[in-house]
Amino acid sequence: MLFRSLVSERDQNFRLHTNDGSEWVLKIANPAENPKLLDMQTQALLHIAQVDPSMAIPRVKPASNGALFHEIDGVDGRRFITRVLTYLPGELLQDATLHPALLRDVGTTTARLGRSLRGFFHPSARHELLWDITQAPELRTRTHHIGEPGHRAVVEKVLDHFDADVLPILRELRAQVIHNDIGCMNTIVADDRVTGVIDFGDLVHAPMIADIAVPIAELIVNNKDPIATAAEITGGYHSVTA
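Described in the following lines is the structure provided in the data block. (Residues numbered from 1 in each chain as written. Predicted model: local features only at pLDDT ≥ 70, side-chain atom pairs only at ≥ 80, totals over all residues. Heavy atoms only, no water.)

**Observations concerning helix 2 (residues 100–116)**
Owing to its 3.6 residues per turn, the α-helix aligns residues three or four sequence positions apart on the same side. Taking 1.5 Å per residue as the helical rise, helix 2 with its 17 residues ought to reach 24 Å, and the 24 Å between its terminal C-alpha atoms agrees with that figure. Looking at helix 2, one finds that the buried residues are Leu-102, Leu-103, Asp-105, Val-106, Gly-107, Thr-109, Thr-110, Ala-111, Leu-113, Gly-114 and Ser-116. Buried residues along helix 2 sit against helix 1 (35–51), strand 7 (175–178), strand 8 (187–190), strand 9 (193–197), helix 4 (209–219) and helix 5 (226–238). (Helix = DSSP H or I, 4+ residues; strand = E, 2+ residues; numbered from the N terminus. Expected span 1.5 Å × (residues − 1). Buried < 20%, exposed > 50% of the residue type's maximum accessible area, 1.4 Å probe, protein only. Contact = heavy atoms within 4.5 Å.)

Dropping the structure here:
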């Protein structure tokens, strides 16, 4: 068996290549991670696989005894939760050449994934998460970390505007459990099409519009035509979900 480390923000991930040619991802969760959130991610993957079997997401590989995860003791005495998922081949969206058809497929994939999660819920779906746009006003308590007074004032003004004018509108919109991070590092591309979505670590119950806001926000950066880019992604999304 061969293995190599994969990039990860919080966990330790390894790509495994077995002697029979199959490939897997071993995920070793950060010991600070709430086990209930890991359960939510796993249950969401199982739900999507059942609702939309053609949706290209990692599939959960149960242990020989049927368990969905396994706990191991680290050398420092801490316990680590491990899981095994299928490996999705392809390149990351951040490395792909963007064109209208691919951008539209990003929107379509976002909508399909959201649709497959529509009937899913978990007790931990409303949890503290800095990437949850509805929790953005709470960042106001952290602006003192911005040393430059002018920059800090701009950020505070934006957060205050969001809290007063945007958040009340968001609370009126359709909400459900969403992936919340279909971005350049979590979208797999092959042959100029989206072939998979990975990393369900930012799963949260939030307004549906936040799901499509992520790829738009990332893909319009340093883009010569951000409006056209946003329009293609939105068009793809609305071809599935209006």
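**Comments concerning empty space enclosed by the protein**
Rolling a probe over the atoms, with the probe sized like a water molecule, indicates the empty space that remains. Applying the stated criterion across every chain yields a total of one cavity of 30 Å³ or more. Put simply, the largest cavity is a space of about 30 Å³. What lines the largest cavity is simply Ala-111, Gly-114, Arg-115, Arg-118, Gln-176, Ile-178, Met-208, Asp-211, Tyr-237 and Thr-241. When residues of the lining of the largest cavity are traced back to their parent elements, those giving at least two are helix 2 and strand 7. A per-element tally of the lining of the largest cavity places helix 2 first, with three residues. Among the residues making up the lining of the largest cavity, the classes are represented as four nonpolar, three polar and three charged. (1 Å grid on protein atoms, 1.4 Å probe; cavity = no way out; pocket = protein on both sides within 12 Å on 5 of 7 lines; lining within 4 Å. Points joined across faces, edges and corners; volume = space filled by probe spheres on them. Nonpolar A, V, L, I, M, F, W, Y, C, P; charged D, E, K, R; others polar.)

**Quick look at the environment of Ile-28**
Looking at the element boundaries, Ile-28 is found in strand 3 (residues 23–28). For Ile-28, a relative accessible area of 14% corresponds to the buried category. In this structure, the C-alpha to C-alpha distance between Ile-28 and Arg-83, residues 55 residues apart in sequence, is 6.7 Å. When sequence neighbours within four positions are dropped, the list of residues in contact with Ile-28 reads Asp-11, Gln-12, Asn-13, Phe-14, Phe-80, Ile-81 and Thr-82.

**Description of the side chain of Lys-27**
Of note, Lys-27 is situated in strand 3. One buried charge, Lys-27, has no salt-bridge partner; the nearest side chain with opposite charge is Asp-11, at 4.0 Å. Looking at Lys-27, its side chain comes within polar contact range of the side chain of Asn-13, at 3.2 Å. Excluding residues within four positions of it along the chain, Lys-27 makes contact with Asp-11, Gln-12, Asn-13, Ile-81, Thr-82, Arg-83 and Leu-85. (Lys, Arg positive; Asp, Glu negative; His and termini not counted. Salt bridge = Lys/Arg side-chain N within 4 Å of Asp/Glu carboxyl O. Polar contact = N/O pair within 3.5 Å; in protein donor to acceptor, adjacent residues only side chain to side chain.)

**Here we look at a negative patch on the surface**
There is a patch of like negative charges on the surface, built from Glu-91, Asp-95, Asp-191 and Asp-192. Structurally, Glu-91 can be placed in strand 6 (residues 91–92). (Patch = residues over 30% accessible without salt bridge, like charges linked within 9 Å, V, L, I, M, F, W, Y side chains within 5 Å. Areas by Shrake-Rupley, 256 points an atom, 1.4 Å probe, with all protein chains shown as cover. Charge placed at Lys NZ, Arg CZ, Asp CG, Glu CD.)

**What about the environment of Met-40?**
Assignment of secondary structure puts Met-40 in helix 1. Take Met-40: its relative accessible area is 1%, and that puts it in the buried class.

**Structural notes on the packing of aromatic side chains**
Taken as a whole and assessed by the stated rule, the structure comprises one aromatic pair. Pairing Phe-3 with Phe-14 gives two aromatic rings, centres 6.0 Å apart and planes at 75°, and the pair type is edge-to-face. Placement of Phe-3 in strand 1 (residues 2–6) and of Phe-14 in strand 2 (residues 12–17) is noted, with a sequence separation of 11 residues between them. Taking the relative accessible area as the measure of exposure, Phe-3 reaches 57% and is therefore exposed. Given a relative accessible area of 19%, Phe-14 falls into the buried group. (Phe/Tyr/Trp six-rings, centres within 6.5 Å; stacked < 30°, edge-to-face > 60°.)

**Side note on the sheet that holds strand 9**
Each strand in a sheet pairs with another by means of backbone hydrogen bonds, the pair being arranged parallel or else antiparallel. Taken together, three strands build an open sheet; the order of strands is 6-8-9 and the sheet is antiparallel. Both outer strands of the open sheet, strand 6 and strand 9, are each paired with one neighbouring strand and no more. The pairing of strand 6 with strand 8 spans two bridges and is antiparallel. Across the sheet, the residue bridging to Leu-92 is Ile-188, located in strand 8. (Pairing = 2+ DSSP bridges.)

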